[in-house]
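# Observations on chain architecture
If you want the building blocks of each chain, they are given just below.
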Amino acid sequence: MAGKAAPPAAATAGGQLADRMVALFAAVFDQVPEPICIADLRGRVIRANQAFARACQERPDRLVGRPLLGLLTYVQGDSLVAGGRAGGDKRTSEGLAVLGRRTWLVRERLVPAGPNGHGLLVKLAPAEVAPAPAAGAGARPEPGPPGAVERGGNKARGDDDGDWGLQRIEGVSRAIRHAKGLAARAARSDLTVLLTGESGTGKELFARAVHHLSDRSAGRFVAINCSAVPGELFEAELFGYEPGAFTGAARTGKPGRFELASGGTLFLDEVADIPLPLQSKLLRALQEREVERVGGLRPVAVDVRVIAATNQDLEAMVARGRFRDDLYYRLAVITITLPPLRDRREDIPLIAVRLLEDLNRGPGAAAGLRKQFSPDALELLAEQPWPGNVRELENVVKRAYFLSDGLVMTAEALRPHLSGNGREAAEGVAVGGDLVESLPLDEVVRDAAVLSADLPVDDLTALLLEVRPQPATGEAGTRQPAGRDPLPDASAPLAPRALVAEVAAVLAEGGTLEDIVATVERHLIARIMEATGQNKAKTARILGLARSSFYEKLSRYGLTG
């Protein structure tokens, strides 16, 4: 049988020459000092040189396939691919965009790519955009040493433990690009920023990005979750205290979050939960740029940029008298509203892939093994409602990563890890209907009690449903928490139907979950007061509340009579 004919020598030589030319081009391209990348007409990176990768703080190979609009945050002008695909009459574009910690002049140009197509050549040049000076700020104190600070009772990171730039925030949708553009502009000033949006939309990520891009990035980023600090401790946490200011105070005193953040950024998460009596002190600290410690006699100057965040409607709270209007206007100088995932479904596959890449590089990943999504898996993720937004998506990706078999995660492998097993509408969730009718009362009360954090869940649920706590095994009596009075045997019913009517009225008026919690608390305290014959000390013991917390709630709900 005749052997296969060898290729002509000229063809072999031509192929080797082509290979050498490609290798030479790649070497020259990588060594060009200007940051350059080549993208397809959809804006996906095909190749990036070393300088561009350094600007992105990423390896060149990990940029391949990434969308340009997810890397560059335009603050002036826009990309040729902003409309979804480059082309048309426009062949070049120029604008300003943020990448890493710098603002760049971005030049884009359509270039031929083969006989029938085009590509996009993107070149970056430094654009010196000086940040606006802080209003009324003089010499800035030296920033504190980097390290961990407390965040609402939990350990939090200092800003030196990773990259917190806008490129961490994945997405090419118009809504997220608009939010990122506002954040980039806000970073160039010292104005107060208010971040609004549903839970899980990435408000702290945006806050850290603003700090990271600002001229305060060398200072501390100090975060406090306002909903996690008890009301009686909030003033000391925020403003600090002097030695001996109160029983149990440290002998050396303690600086508050304002002092710790001096020279940097203070992030007030869940700002709507700041107790109303302390809102005036926060307003004064923002206006005068000084704080007074608990037990102190002289003010302490602070140089702090404040970023606040909430998932509640502050304007509605102002209208109902639950939040000071002057504090709201002081906080909302620049307002950035973060869109929920259901309003930017085109971003869901990008976010999911980024989360998976982080897991592939994480400590729990198997050496040399990289999991990936199948196309049907990404389609399934994009179809979900994601009421918990990015946080819920992250949890699903993590569960699927560690609990599914194989290197390719399919839609079938993802489905068991989705809420409702992948059904868009979960049973019991009302859409445009009566929320109280569709949710069992015990679930509403239990959720409200957990959020309240002051009321014992089991006793609260039992009281409102007119049932007793279950007795402990082998005991005839009821289970009783240590140090708490037994529940009263009130002859008057606790009237859960009346509570349902009150909650329904709150919802009809546009009330928030905080308003529902307040309604449940007021109802419970009033009923126990009635059952104990208005004995305040006994009522406080039954509820397991400290005396100061109990009297503060009596005053808040008008039950002092």
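Within each chain, residue numbers correspond to sequence positions counted from 1 in written order. The predicted nature of this model means local features are confined to residues of pLDDT at least 70 and side-chain atom pairs, given and counted, to a pLDDT of 80 or more, with totals for whole chains, interfaces and linings taken over all residues. The basis for every side-chain value is the complete set of heavy atoms in the structure, and neither hydrogens nor water enter the calculation.

## A few points about the nonpolar core
- Residues grouped as a nonpolar core are buried Ala, Val, Leu, Ile, Met, Phe, Trp, Tyr and Cys residues, joined through side-chain atoms within 4.5 Å. Per-residue accessibility, obtained with a 1.4 Å probe over protein chains only, is compared with the maximum for each type, and a residue is labelled buried under 20%, exposed over 50%, and partly exposed between these values. Phe258, Leu266 and Leu268 are the most contacted members of the largest nonpolar core, which has 32 residues in total.
- We count a stretch as a helix when DSSP gives it H or I for four or more residues in a row; a strand needs E for two or more, and each element gets its number in order from the N terminus. Looking at this core, the elements with two or more residues in it are strand 10 (221–225), helix 6 (231–239), strand 13 (265–269), helix 8 (276–288), strand 16 (305–310), helix 9 (314–319) and helix 10 (325–331).
- It is helix 8 that contributes the most residues to this core, five residues altogether.
- The contact definition used throughout considers only heavy atoms, calling two residues in contact when any of these lie within 4.5 Å. Those residues in contact with Phe258 that sit more than four places away from it in its chain are Leu238, Phe239, Leu266, Leu282, Ala285, Leu286, Val291, Val302, Val304 and Val306.
- By size, the runner-up hydrophobic cluster in this structure holds 29 residues, among which are Val75, Ala125, Ala184 and Ile336.

## Here we look at unusual backbone geometry
- For Gln57, which is not glycine, the phi dihedral falls at a positive 55°.
- On the secondary structure map, Gln57 appears in the loop between helix 2 (50–56) and helix 3 (68–71).
- The partly exposed category is assigned to Gln57, whose relative accessible area is 44%.
- Unusually for a residue other than glycine, Asn389 sits at a positive phi of about 60°.
- Mapped onto the elements of the fold, Asn389 is located in helix 13 (residues 389–403).
- Of the residues examined, Asn389 reaches a relative accessible area of 1% and is grouped as buried.

## A short note on the side chain of Thr310
- When you line up the elements, Thr310 lands in strand 16.
- For Thr310, a relative accessible area of 1% corresponds to the buried category.
- Contacts described as polar in this section are N or O atom pairs within 3.5 Å, which, within protein, must combine one atom able to donate a hydrogen with one able to accept it, while residues neighboring in sequence count only if both atoms come from side chains. For Thr310, the side chain forms a polar contact with the main-chain nitrogen of Gln312, separated by 3.0 Å.
- Setting aside chain neighbours within four positions, we find Thr310 in contact with Leu194, Leu195, Thr196, Gly197, Lys203, Val271 and Ala272.

## Digging into the confidence of the model for the protein chain
- Across the chain, each position has a pLDDT score giving the predictor's confidence in that residue, from 0 to 100. Here the protein chain averages 74 in pLDDT, while 68% of its residues score no lower than 70.
- Contacts for the low-pLDDT stretch residues 129–162, under 50 throughout, to residues beyond four places or in other chains number 64 contacts.
- Contacts of residues 487–495 to residues separated by more than four positions or lying in other chains number 23 contacts, the stretch itself having pLDDT below 50.

## Regarding the packing of helix 20 (residues 536–543) against helix 21 (residues 547–556)
- The axes used here are C-alpha line fits, helices contributing only the stretch in contact, and every angle between their N-to-C directions lies in the interval 0 to 180 degrees. Running from N to C, helix 20 and helix 21 cross one another at 110°; their axes reach a closest spacing of 10 Å. When the axis of helix 20 is compared with that of helix 21, the two are roughly perpendicular. Note on element contacts: helix 21 touches helix 20 through Phe550, Tyr551 and Leu554, opposite Lys536, Thr539, Ala540 and Leu543.
- Basically, the charged four are Asp, Glu, Lys and Arg, the nonpolar ten are Ala, Val, Leu, Ile, Met, Phe, Trp, Tyr, Cys and Pro, and anything else, Gly included, counts as polar. When the residues that make up the contact of helix 20 with helix 21 are grouped by side-chain class, the tally is five nonpolar, one polar and one charged. Working definition: roughly parallel below 35 degrees, roughly antiparallel above 145 degrees, roughly perpendicular at 65 to 115 degrees, and oblique for all remaining angles.

## Some thoughts on the packing of helix 11 (residues 348–360) against helix 13
- The interhelical angle for the contact between helix 11 and helix 13, taken along N-to-C directions, is 50°, at an axis separation of 10 Å. It follows that helix 11 is oblique to helix 13 by the angle criterion. Seen from above, helix 11 lies across helix 13 with right-handed handedness. Between helix 11, through Ile348, Ile351, Ala352, Leu355, Leu356, Leu359 and Asn360, and helix 13, the contact on the second element is made entirely by Val390, Leu393, Glu394, Val397, Lys398, Tyr401 and Phe402.
- For the contact of helix 11 with helix 13, the per-class residue count stands at eleven nonpolar, one polar and two charged. Two helices cross in a left-handed way if the nearer one is turned anticlockwise from the farther one by less than a right angle. They cross in a right-handed way if the turn is clockwise.

## Here we look at the sheet that holds strand 13
- For two strands to be treated as a pair, DSSP must find at least two bridges joining them. A sheet is described by the order of its strands in space; here five strands give the open sequence 10-13-16-9-17, paired in parallel fashion. The open sheet has two edge strands with one neighbour each: strand 10 and strand 17 (334–337). Geometrically, the sheet is characterised by an average inter-axis angle of 20° between neighbouring strands, direction not taken into account.
- One ladder, built from four bridges, connects strand 9 (residues 193–196) with strand 17; its direction is parallel.

## With respect to the pairing of strand 4 (residues 92–99)
- Among the eight residues that make up strand 4, six are buried, leaving the element largely enclosed by the rest of the structure.
- For strand 3 (residues 73–76) and strand 4, the ladder comprises three bridges, and the chain directions are antiparallel. Directly across from Thr73, in strand 4, lies its bridge partner Val98.
- Here strand 4 runs beside strand 5 (residues 102–112); their pairing, made up of eight bridges, is antiparallel.

## Regarding the pairing of strand 16
- Burial of strand 16 is extensive: six of the six residues sit out of reach of the surface.
- What you see with strand 16 is no split at all: Arg305, Ile307 and Ala309 on one side and Val306, Ala308 and Thr310 on the other are buried throughout.
- Taken together, the four bridges between strand 9 and strand 16 define a ladder with parallel strand orientation. The residue of strand 16 that forms the bridge with Leu195 is Ala309.
- Bridge count for strand 13 against strand 16 is four bridges, and the pairing is parallel. Its bridge partner being in strand 16, Leu266 is matched across the sheet by Val306.

## Some points on the sheet that holds strand 3
- Read from one edge of the open sheet, six strands run 2-1-6-5-4-3, paired in antiparallel fashion. Looking at strand neighbours, the two that pair on one side only are strand 2 (45–48) and strand 3, the edges of this open sheet. Averaged over all neighbouring strand pairs, the angle between strand axes comes to 35°, with direction disregarded.
- Packed onto the sheet, helix 4 (residues 174–187) meets strand 3 and strand 4 and runs at close to 65° relative to strand 3.

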